[in-house]
Amino acid sequence: LMLDLGATLGTRRSSAQLPLTYPVPGELVGKIIVCVCNFGERKIAGFRSQVLVLGMDDVAGNAWLVQVGEGGEGGDDMVGKRVVAEGQHVADDTTSVIIDIQEFLDLGVKERDGFVVLPDHTRLGVYDDNGVFIPLIAPKEAAPNTILH
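A. Molecular detail of the environment of L65. Looking at where L65 falls in the secondary structure, it is placed in strand β8 (residues 63-65). If we ignore the near neighbours within four places in the chain, the residues touching L65 are L1, L18, Y22, L28, I33, V53, L54, G55 and P139.

Here is the structure:
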């Protein structure tokens, strides 16, 4: 995937096995997906991956991308926004790390009622520049209670 992360971070590449879930690559153009940008560059199957995209599996084990909910706008408006629990506000310091990605994945974040939630069912999302909470949307194809990866 080639991801446009706005003027601040530019274009980044990510390795993701999505041919069964997104057979027409053009369907992804314009989608606002969730990715980890400070994970560090990794070589995956000979491919240089600069960011980690987050997804959830359907019942057949195919990966579907997690997206930002309605109201979220792409580009610089979303770059650097932290994924937080609803009701939790964080400082705008985009250089500090709140949680290690493995710790985040180990939390057992899952799908519930179409949203990405913590085990206590608190929704995860981002706050826009006006302080409005925009939830992360679990892929509609995701298996019930599937874990984020």
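Structure shown, so let's carry the discussion forward.
B. Here's a closer look at the pattern of salt bridges. According to the stated counting rule, one finds four salt bridges in the structure shown. K140 serves as the salt-bridge partner of E141, at 3.3 Å between the closest nitrogen and oxygen. Assessed through its relative accessible area of 78%, K140 is described here as exposed.

C. Structural context of the pairing of strand β13 (residues 124-127). Examined bridge by bridge, strand β10 (residues 84-85) and β13 share two bridges and lie antiparallel to one another. Among the inter-strand pairings, V84 is bridged to a residue of β13, identified as G125. Across three bridges, β13 lies against strand β14 (residues 133-137) in antiparallel orientation. Looking at β14, one finds that Y127 is bridged to F133. The antiparallel hairpin formed by β13 and β14 contains five residues in its connecting segment, where G131 sits at a positive phi of about 80°.

D. Focus on the nonpolar core. Ranked by internal contacts, the top residues of the largest apolar core, which has 18 residues, are M56, V66, V68, V116, L124 and L136. Elements with a minimum of two residues in this core: β13 and β14. Contact partners of L136, with chain neighbours within four places excluded, come to V34, V66, Q67, V68, V83, G114, F115, V116, L124 and G125. Counting residues in each nonpolar core, the second largest holds eleven residues, with L3, Y22, L28 and I33 among its members.

E. Fine view of the packing of aromatic side chains. By the definition in use, this model includes two aromatic pairs. Aromatic side chains Y22 and W64 sit 5.2 Å apart centroid to centroid with 65° between the ring planes, which places their arrangement in the edge-to-face category. Of this pair, Y22 sits in the loop between β2 (11-13) and β3 (35-36) while W64 sits in strand β8; the two residues are 42 residues apart in sequence, bridging distant segments of the chain. Both residues of the pair, Y22 and W64, belong to the buried class. Directly above the ring of F115 sits R123, whose terminal nitrogen or CZ lies 4.8 Å from the centroid.

F. Structural view of the pairing of β14. Most of β14 is tucked away: four of the five residues are buried. As judged from the two bridges shared by strand β9 (residues 67-68) and β14, these two strands associate in the antiparallel manner. Its bridge partner lying in β14, Q67 is registered against I137.

Cut-off values and rules
Sequence order as written defines the numbering, with residues in each chain counted from 1. Only residues with pLDDT of 70 or above have their local features reported here, since the model is predicted, and side-chain atom pairs are shown and tallied only from 80 upward, although totals for entire chains, interfaces and linings are computed over all residues. Each side-chain value is worked out from all heavy atoms of the structure, with water and hydrogens disregarded. Helix numbers and strand numbers start at the N terminus; a helix is a DSSP run of H or I with at least 4 residues, a strand a run of E with at least 2. By definition, residues are in contact when any of their heavy atoms lie within 4.5 Å. By definition here, a salt bridge exists when the distance from a side-chain nitrogen of Lys or Arg to a carboxyl oxygen of Asp or Glu is within 4 Å. Categorising residues by exposure relies on relative accessible area from a 1.4 Å probe, with only protein chains included: less than 20% of the type maximum marks a residue as buried, more than 50% marks it as exposed, and the intermediate range marks it as partly exposed. Only strands joined by at least two bridges in the DSSP assignment are considered to pair. Among buried residues, the Ala, Val, Leu, Ile, Met, Phe, Trp, Tyr and Cys ones that are joined through side-chain atoms within 4.5 Å form a nonpolar core. When the centres of two rings from Phe, Tyr and Trp lie within 6.5 Å, Trp using its six-membered ring, the rings pair. Their planes under 30 degrees apart give stacked, over 60 give edge-to-face, and anything left gives tilted. When the NZ atom of lysine or the CZ atom of arginine is within 6 Å of a ring's centre and also within 35 degrees of its normal, the charge is said to sit over that ring.

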